[in-house]
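Each chain is listed here by its residues.
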Amino acid sequence: MDRTFRINGHDHALTIDPRDILLEILRDRLNLTGTKKGCDHGQCGACTVLSDGKRILSCLQLGATQKGEVNTIEGLTGPDGALHLMQAAFVRHDALQCGFCTPGQILSSVACVAEGHATSAADVRAWMAGNLCRCAAYPNIVAAVLDMAGVTEAAE
Amino acid sequence: MEPSLARSQIIGGMIWGIGQALFEESRVYPRTGHWTNANLAEALIPTRADIPRIDVAFVPEDDRANHPIGMKGLGEIGVVGPAPAIANALFDATGQRHRSLPLTIDARITAMEAI
Amino acid sequence: MKAFAFTLMPQTSADMFIAGGTTLVDLMKLGVVAPQRLVDLRDGGAHAGISVQGDTLHIGALTTMAALADHPAVIERLPMVRSALLQSASPQICNMATIGGNLLQRTRCSYFRDLASPCNKRAPGTGGGAIGGDARGLAVLGTSAACIAS
């Protein structure tokens, strides 16, 4: 079947099988390998992308049913390679170790702040619970998100 | 040598220790030997919502006995303390002495029934 | 996963329906369900509305968990419903999953989800793997001799 996907502001016309999953379309067909396959079953959040601004799990999204505009981690960086402010905050607060969960964390963080759910450390802990991090960079990620949200309470 | 990296490593270890104490286990189906919880929804690791504020403080010392330039590895030591600390806190609160992990609610109920 | 046809309109009673897909795609990847034809239910919002009439909240089946949790009437008058919705799944899943799908969600029993395990629910007559096996987190009420899945 033919589908046009709008990804990071560009249209991509593809012929897909009904079984094709959005995560694999992004990574294997469009070479956007920033989004990661963690558990492949919607349990870890590493595959988080934005669909019409809302965070979703691309590993559970059939390409055939994808309707909104998708934003991936590649779409956050400026055209000249400049880091998005959230990416810079993650670097500043050492909010990553191995980096595998990081693209999903950053997109989830951007959405979390936009949703107005980053008003306190407790809020961020609850509203970002869908992104697992085995390296356990959690406290530093919370600090980065609060920094971006302009919240000055003691982090963690 | 690199304070922020050292702090992150210790935080990582401590969170692993909390997970080990409270959540993590592998369960087997004895008839076939299969792992029954081989996925992240059931082999639980700590989520952000499970982790409270964590404070890390280093006691600085210059230890040349361990290594001539005073260097020490700390990648793994963070994981050692949390499980015993939590088990001791549980003993202090309930009088139950648990000797296996994780410290789950069903383990605590079983211990209560045994008393 | 097994191949299937994809359509927007139901054609036979054997069709399976997809809305948010958070349970269905998960189970299709495991091979636990294998529809011959999948019908996409999402229709641009016709069944995704929430309205309040007196003391009754009308929820369209295709309303997402997130939309329901964020509705002003739910925030103000049904805080327990909001709390239950937000605690039961990650924000990402809440953005995808529908209330209708939530009611139809299949069990999370690991024997049901593992094709190599005996499971009377998935394959009647093969045995109840959880009975005498790993039953942590499964049902204490509503069980039968054949199945203790929640």
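Residues numbered from 1 in each chain as written. Chains lettered and ligands numbered in written order. Predicted model: local features only at pLDDT ≥ 70, side-chain atom pairs only at ≥ 80, totals over all residues. Heavy atoms only, no water.

Asker: I would appreciate a short explanation of the overall build of chain B in the present structure.
Answerer: Tallying secondary structure elements over chain B gives three helices and two strands in all. Mapped in sequence order, the helices and strands of chain B form the string α-β-β-α-α. Overall, the C-alpha framework of chain B stretches about 55 × 35 × 30 Å when taken along its three principal axes. Taking all 115 residues of chain B together, 30% fall into the buried category. (Helix = DSSP H or I, 4+ residues; strand = E, 2+ residues; numbered from the N terminus. Buried < 20%, exposed > 50% of the residue type's maximum accessible area, 1.4 Å probe, protein only.)

Asker: Would you mind showing me how to read the overall build of chain A here?
Answerer: Along chain A, the regular secondary structure elements total five helices and five strands. Reading chain A from its N terminus to its C terminus gives the helix and strand order β-β-α-β-β-β-α-α-α-α. Since a compact globule built from 156 residues should have a radius of gyration of about 15 Å, the 15 Å found for chain A is in line with a globular shape. Counting only C-alpha atoms and orienting by the principal axes, one finds that chain A spans roughly 50 × 35 × 25 Å. Pairs at least 24 residues apart make up 53% of the contacts formed inside chain A by residues separated by at least 6 positions. About 6000 Å² of surface is accessible on chain A, with carbon and sulfur atoms providing 51% of the total. Distance between charge centres in chain A, computed from 13 positive and 17 negative side chains, equals 4 Å. (Rg over C-alpha atoms; globule rule 2.2 N^0.38 Å. Contact = heavy atoms within 4.5 Å. Areas by Shrake-Rupley, 256 points an atom, 1.4 Å probe, with all protein chains shown as cover. Lys, Arg positive; Asp, Glu negative; His and termini not counted. Charge placed at Lys NZ, Arg CZ, Asp CG, Glu CD.)

Asker: Help me out: how do you make sense of the nonpolar core in this one?
Answerer: Core analysis: the largest hydrophobic core is formed by 53 residues, its most contacted members being I7, L26, L30 and L62 of chain A together with L38, M65 and C109 of chain C. By size, the runner-up hydrophobic cluster in this structure holds 38 residues, among which are I73, I106 and L107 of chain A together with I11 of chain B. (Core = buried A, V, L, I, M, F, W, Y, C linked by side-chain atoms within 4.5 Å.)

Asker: How do you make sense of the pairing of strand β1 (residues 2-7) of chain A when you look at a structure like this?
Answerer: Each regular strand carries side chains that alternate between the two faces of the sheet. Residues and elements named next belong to chain A. Bridge count between β1 and strand β2 (residues 10-15): six bridges; the pairing is antiparallel. Each bridged residue has a counterpart across the sheet, and for D2 the counterpart in β2 is T15. With antiparallel pairing between neighbouring strands as the criterion, β1 and β2 make up a hairpin whose turn holds two residues, including N8 at a positive phi of roughly 50°. (Pairing = 2+ DSSP bridges.)

Asker: Got a minute to help me understand unusual backbone geometry in this structure?
Answerer: Trans is the common state for peptide bonds, and a negative phi is the common state for residues other than glycine. Across the junction of L101 of chain B and P102 of chain B, the peptide omega takes the value -5°, indicating a cis bond. The backbone phi angle of D40 of chain A is positive, close to 65°, even though this residue is not glycine. As for its position among the elements, D40 of chain A is in the loop between α1 (22-29) and β3 (48-51). Since its relative accessible area comes to 19%, D40 of chain A is described here as buried.

Asker: Sorry, what's going on with the pattern of salt bridges here?
Answerer: Two side chains that carry opposite charge are able to pair once their charged atoms sit near each other. The final tally for this structure, using the stated rule, is 21 salt bridges over all chains. Ionic pairing is found between D26 of chain C and R108 of chain C, a salt bridge with its closest N-O pair at 3.6 Å. Of this pair, D26 of chain C sits in helix α1 (residues 24-30) while R108 of chain C is found in the segment after α6 (99-103), placing the two residues 82 residues apart along the sequence. Judged by its relative accessible area of 2%, D26 of chain C falls in the buried class. By relative accessible area, R108 of chain C is classed as partly exposed at 36%. In this structure, the salt-bridge partner of D70 of chain C is R82 of chain C, at a minimum N-O distance of 3.1 Å. One end of the pair, D70 of chain C, is in the loop between α2 (65-69) and α3 (72-77); the other, R82 of chain C, is in helix α4 (residues 79-88), with twelve residues separating them in the sequence. Note on D70 of chain C: relative accessible area 39%, which makes it partly exposed. A single network of salt bridges, built from pairs that share partners, joins R6, D11 and E69 of chain A. (Salt bridge = Lys/Arg side-chain N within 4 Å of Asp/Glu carboxyl O.)

Asker: Honestly, the packing of aromatic side chains in this entry has me stumped. Any pointers?
Answerer: When we look at a pair of aromatic rings, we describe it by the centre distance and by the angle of the planes. Counted under the stated rule, the structure contains one aromatic pair over all chains. Here the aromatic rings of Y29 of chain B and Y111 of chain C are separated by 4.7 Å at their centres, their planes lie at 80°, and the arrangement is edge-to-face. In this pair, Y29 of chain B sits in strand β1 (residues 28-29) while Y111 of chain C sits in the segment after α6, so the two residues belong to two different chains. Accessibility classification places Y29 of chain B together with Y111 of chain C in one group, the buried group. Sitting above the plane of the W16 of chain B ring, R134 of chain A keeps its charged end 3.9 Å from the centroid. (Phe/Tyr/Trp six-rings, centres within 6.5 Å; stacked < 30°, edge-to-face > 60°. Lys NZ or Arg CZ within 6 Å of the ring centre and 35° of its normal.)

Asker: Can you help me understand the interface of chain C and chain A in this one?
Answerer: With 25 residues of chain C at the contact, the number on the chain A side is 26 residues. When the two sides are added together, the surface that chain C and chain A hide from each other amounts to roughly 2200 Å², 63% of it contributed by carbon and sulfur. At the junction of chain C with chain A, the criterion picks out two salt bridges. The closest approach of N and O atoms between D40 of chain C and K67 of chain A, which form a salt bridge, is 2.7 Å. At the junction of chain C and chain A, the tally comes to eight residue pairs in polar contact (both at pLDDT 80 or more). (Buried area = accessible area lost by both parts, 1.4 Å probe. Polar contact = N/O pair within 3.5 Å; in protein donor to acceptor, adjacent residues only side chain to side chain.)

Asker: Would you mind showing me how to read the confidence of the model for chain B here?
Answerer: Atom-level detail of predicted coordinates should not be read off regions where pLDDT is low. Residues and elements named next belong to chain B. Per-chain confidence: chain B averages 88 in pLDDT, with 99% of residues scoring 70 or above. Per-element confidence in chain B is highest for helix α2 (residues 82-94), whose mean pLDDT is 93, and lowest for helix α3 (residues 105-114), whose mean pLDDT is 79. This complex was scored by the predictor with a pTM of 0.89 and an ipTM of 0.91. (pLDDT = per-residue confidence, 0-100.)

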